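Residue-level listing of the chains:
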Amino acid sequence: MNFLARLAEGLPHTPLLTGADCAPWAKDWTGAWSAEPLAVIRPASTAEVSQIMQIAHAHGVPVVPAGGLSGLVGGTHAPEALVLSLDRMKQIRKIDPITRVAVTEAGTILQTLREAAHEQGLQFPMTFGAQGSATIGGILSTNAGGSNVLKYGNTRDLCLGIEAVLPDGTILDLMSALHKDNSGYALKHLLIGAEGTLGIITAATLKLYPEPRIRTTGFLACPNLTDALTTLNRLQEATSDAVEAFEYMPMNYMQAYARLHPAERAPFDQPHAVNILVELASTAPRDAALSPEGTSVLQETFETSLAALMEDGLVTDAVIATNDTQRSAFWKIRECAAELSLEGPRTAIINDIALPLDQIPVFFDRMAAALPQLDAGATDMTVAHLGDGNIHYTVRPSSADLKDTIMAMVEADVRDLGGSFSAEHGVGLSKLNSMARHKPSAALATMRAIKNAIDPEGILNAGKVIPTDPAA
Ligand SMILES: Cc1cc2nc3c(=O)[nH]c(=O)nc-3n(C[C@H](O)[C@H](O)[C@H](O)COP(=O)(O)OP(=O)(O)OC[C@H]3O[C@@H](n4cnc5c(N)ncnc54)[C@H](O)[C@@H]3O)c2cc1C
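In this text the structure is predicted, and so the values were computed from the model without any measurement.

Conventions used here
- Residues numbered from 1 in each chain as written.
- Predicted model: local features only at pLDDT ≥ 70, side-chain atom pairs only at ≥ 80, totals over all residues.
- Heavy atoms only, no water.
- Helix = DSSP H or I, 4+ residues; strand = E, 2+ residues; numbered from the N terminus.
- Expected span 1.5 Å × (residues − 1).
- Buried < 20%, exposed > 50% of the residue type's maximum accessible area, 1.4 Å probe, protein only.
- Arc of directions from axis to C-beta.
- Contact = heavy atoms within 4.5 Å.
- Near = heavy atom within 4 Å.
- Polar contact = N/O pair within 3.5 Å; in protein donor to acceptor, adjacent residues only side chain to side chain.
- Areas by Shrake-Rupley, 256 points an atom, 1.4 Å probe, with all protein chains shown as cover.
- Nonpolar A, V, L, I, M, F, W, Y, C, P; charged D, E, K, R; others polar.
- Core = buried A, V, L, I, M, F, W, Y, C linked by side-chain atoms within 4.5 Å.
- Domains from an automatic or database assignment.
- Buried area = accessible area lost by both parts, 1.4 Å probe.
- Salt bridge = Lys/Arg side-chain N within 4 Å of Asp/Glu carboxyl O.
- Pairing = 2+ DSSP bridges.
- Axes fitted to C-alpha atoms, helices over the stretch in contact; angles between N-to-C directions.
- Parallel < 35°, antiparallel > 145°, perpendicular 65-115°, else oblique.
- Left-handed = near helix turned anticlockwise from the far one by under 90°.
- Phe/Tyr/Trp six-rings, centres within 6.5 Å; stacked < 30°, edge-to-face > 60°.

Here we come to helix α16 (residues 441–454). In this model, α16 (14 residues) spans 20 Å end to end at C-alpha, consistent with the 20 Å of a helix rising 1.5 Å per residue. Those residues of α16 lying buried are L444, R448 and K451. Down the axis of α16, the buried side of the element spans an arc of 65°, and every buried residue falls inside it. For α16, the exposed residues set more than 90 degrees away from the buried face come down to A442 and A453. Tucked inside the fold, the buried residues of α16 contact α15 (432–438).

Printed below as a string of structure tokens:
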């Protein structure tokens, strides 16, 4: 019996799509990778995922796990493969306000979990522009970052336990809610960030935090990036580390946003080279206390700090959101990043890099000198989670032929400055050459050994993350 017939027979109640019905899974968000999958299957339980993997394993058919398809590196590209979509596994099993954990299936949309936590006075702090599509399984598999990493860490830091199905169908139940557990290898950490190459994440136990009582959000202009980083440190000191987000947008980003959204009011009347969206949050009642004018203590501290920073010349302009509408308008500018970076017909190189904070200004000086030399017609667009050193430096070359040369140049500088070519989006297919160029050969060999041990047939998300061994 052929593979699809075997699946249909074994799982008669599980939707199995073929042909045109697979269209929604044929492309990821970027549209850079597209291919019609062999079929798409949509299980509703861990047991079904296990059964599917047993059949795929027996037939040697490649399987690609898929969540919200918002990944940016081609991780769900599935030519000739079975796409295993987690979109029906979206039950939030528990939100516990006492232990502050959420237990959820992997297909739950990030925003849905955030809203469910909010209803209990808690927050799941992972947040970024695609939170309305990205799933818990997807953010765990890519170890997603986002705007609040500065305060709460990456997805890895928010995960206590995990349940996954291995390539042969074995269910690995690691659904612990423990904050400490040193009983052998931390297998959950192998699965987090593995981009679906080692197992299919079916559920997770996640950390929750108290919902802040008060937030205050502003746009700042600084003379340069070094002053912006000093500003971050000064704000952290003044507010007992209340800075949740510290996001950088240069002048050409703000101008591109204004072009795309002419009806929106810009935060500043003047253009500035360095624009920072900063958000502070506190759970402490004392910070939420309001003055007779309706200003919170946290906002007053922010204003006092800004006055001192302006006096010292570290901040040259600032505007604080006075209501939720203005706060949303500020965040809308930041969350337009993917749209702005990928706007237009030309091939874009999405450099998702991490740098030591003090090397960030050096990196931009180097790019300003080197990029025009390689490609006089290239344009760039930056947006950065500046507080954690993650820069999205998107370059649009004048010709697709220059893509690899420019990528190699950027990565060489990043490596020279002690950084990483992949900060939060993952490797997928887009960064395979970068892995081959920059990952130490001993690290690649160890990854291949792990992959071979867990997936000897190489059926799970084959060809992603680990480049082919040139010696093989
Ligand atoms: C507008 C926009 C803004 C973004 N901003 C950020 C940002 O600020 N920070 C950031 O880190 N990322 C950002 N991203 C990318 C981010 O990586 C993805 O949005 C998200 O992490 C992937 O979730 P997903 O459910 O869409 O996964 P998919 O795109 O469906 O899959 C991503 C990868 O995970 C694997 N996978 C999916 N589900 C599972 C599972 N259950 N088990 C095993 N493997 C699985 C897939 O095979 C694939 O390799 C952004 C994307 C967009 C479009």
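Anyway, onward from the coordinates.
Another aspect to go through is the site of the ligand. For the ligand, the set of nearby residues contains 34 residues, the closest of which are P65, G67, S70, T135 and G145. One of the backbone N or O atoms of I201 is found 2.9 Å from a nitrogen atom in the ligand. In the complex, the protein chains occlude 95% of the 970 Å² of accessible area that the ligand would expose alone. Those elements giving two or more residues to the shell around the ligand turn out to be β3 (63–66), α4 (136–142) and β10 (200–207). If one sorts the elements of the shell around the ligand by residue count, α4 sits on top with five residues. The residue makeup of the shell around the ligand, split by class, is 14 nonpolar, 18 polar and two charged.

Counting residues in each nonpolar core, the largest one holds 49 residues, and the members touching the most others are L84, F124, I136 and I139. Per element, the largest residue contribution to this core is five residues, and it comes from helix α2 (residues 46–59). When residues of this core are assigned to domains, at least three fall in each of domain 1 (3–85) and domain 2 (92–210). Those residues in contact with I136, other than ones at most four positions away along the chain, are T104, E105, A106, T108, L110, L113, F124, A204 and L206. With 44 residues, the next largest nonpolar core counts L220, L229, L306 and L417 among its residues.

Turning to the domain arrangement of the protein, a few remarks are in order. According to the domain assignment, the protein contains domain 1 (3–85), domain 2 (92–210), domain 3 (214–335) and domain 4 (343–427). Contacts between the two partners involve 13 residues from domain 1, matched on the other side by 16 residues from domain 2. Here domain 1 and domain 2 share an interface that buries about 1,100 Å² over both sides, 70% of which is from carbon and sulfur atoms. Three residues, T46, M53 and P65, lead the burial of domain 1 against domain 2; their summed loss comes to 38% of the area buried on that side. The tally of links from domain 1 across to domain 2 stands at zero salt bridges. Where domain 1 meets domain 2, there are two residue pairs in polar contact (both at pLDDT 80 or more). Only α2 and β3 provide two or more residues apiece to the side of domain 1 that touches domain 2. With six residues, the single largest contributor to the side of domain 1 that touches domain 2 is α2.

What follows concerns the pattern of salt bridges. Scanning the model with the defined rule gives 15 salt bridges in all. When the shortest N-O distance is used, the salt bridge between R265 and D269 registers 3.9 Å. For R265, a relative accessible area of 71% translates into the label exposed.

Consider a sheet: its strands pair through backbone hydrogen bonds, and that pairing is either parallel or antiparallel. In spatial order, the strands read β1-β2-β4-β3; together these four strands make up an open sheet with mixed pairing. This sheet does not close on itself; its edge strands, each paired only once, are β1 (16–17) and β3. Strands β2 (39–41), β3 and β4 (82–85) of the sheet are contacted by α2, whose axis makes an angle of about 170° with β4.

One way to put it is that helix α7 (residues 225–238) packs onto helix α10 (residues 297–311) with a least axis distance of 10 Å and a crossing angle of 140°. Comparing the axis directions of α7 and α10 gives the class oblique. Along this stretch, α7 crosses α10, giving a crossing that reads as right-handed. Residue-level inspection shows T231, R234, L235 and A238 of α7 in contact with α10, the latter providing T301, F302, S305, A308 and L309. In the contact of α7 with α10, the residues fall into five nonpolar, three polar and one charged.

Let us now look at the packing of aromatic side chains. Within this structure, the stated rule accounts for seven aromatic pairs. Both rings, one in F219 and one in F268, keep their centres 6.1 Å apart while their planes meet at 85°; by these two values the pair is edge-to-face. Of this pair, F219 sits in strand β12 (residues 214–222) while F268 sits in the loop between α8 (251–260) and β14 (274–282); the two residues are 49 residues apart in sequence, bridging distant segments of the chain. Judged by its relative accessible area of 0%, F219 falls in the buried class. Seen in terms of ring centroids, Y248 and F364 are 6.2 Å apart; in terms of plane orientation they differ by 65°. Their pairing is edge-to-face. Of the two residues, Y248 is situated in strand β13 (residues 243–250) and F364 in helix α13 (residues 360–374); the sequence distance between them amounts to 116 residues. Given a relative accessible area of 7%, Y248 falls into the buried group.

The next subject is the sheet that holds strand β8 (residues 159–165). The strand order β5-β6-β10-β8-β9 describes an open sheet built from five strands, whose pairing is antiparallel. Of all the strands in the sheet, the pair left with one neighbour each is β5 (92–96) and β9 (171–174). Taken over all neighbouring pairs, the strand axes of this sheet differ in orientation by 10° on average, direction set aside. In terms of strand pairing, β8 meets β10 through six bridges, oriented antiparallel. By the bridge assignment for β10, I162 is matched with A204. Each of β5, β8, β9 and β10 is contacted by α2, which is oriented at about 45° to β8, the strand it contacts most. Docked against the sheet, helix α3 (residues 110–119) engages β5, β6 (101–105) and β10, running at close to 35° with respect to β5.

What follows is about the packing of helix α1 (residues 3–10) against α2. Following both chains from N to C, one finds α1 and α2 inclined at 155°, their axes separated by 10 Å at the closest point. With respect to α2, the element α1 is oriented roughly antiparallel. Both α1 and α2 take part in a crossing whose hand is right-handed. Across the interface between the two elements, F3, R6, L7 and G10 from α1 touch Q51, I52, I55, A56 and H59 from α2.

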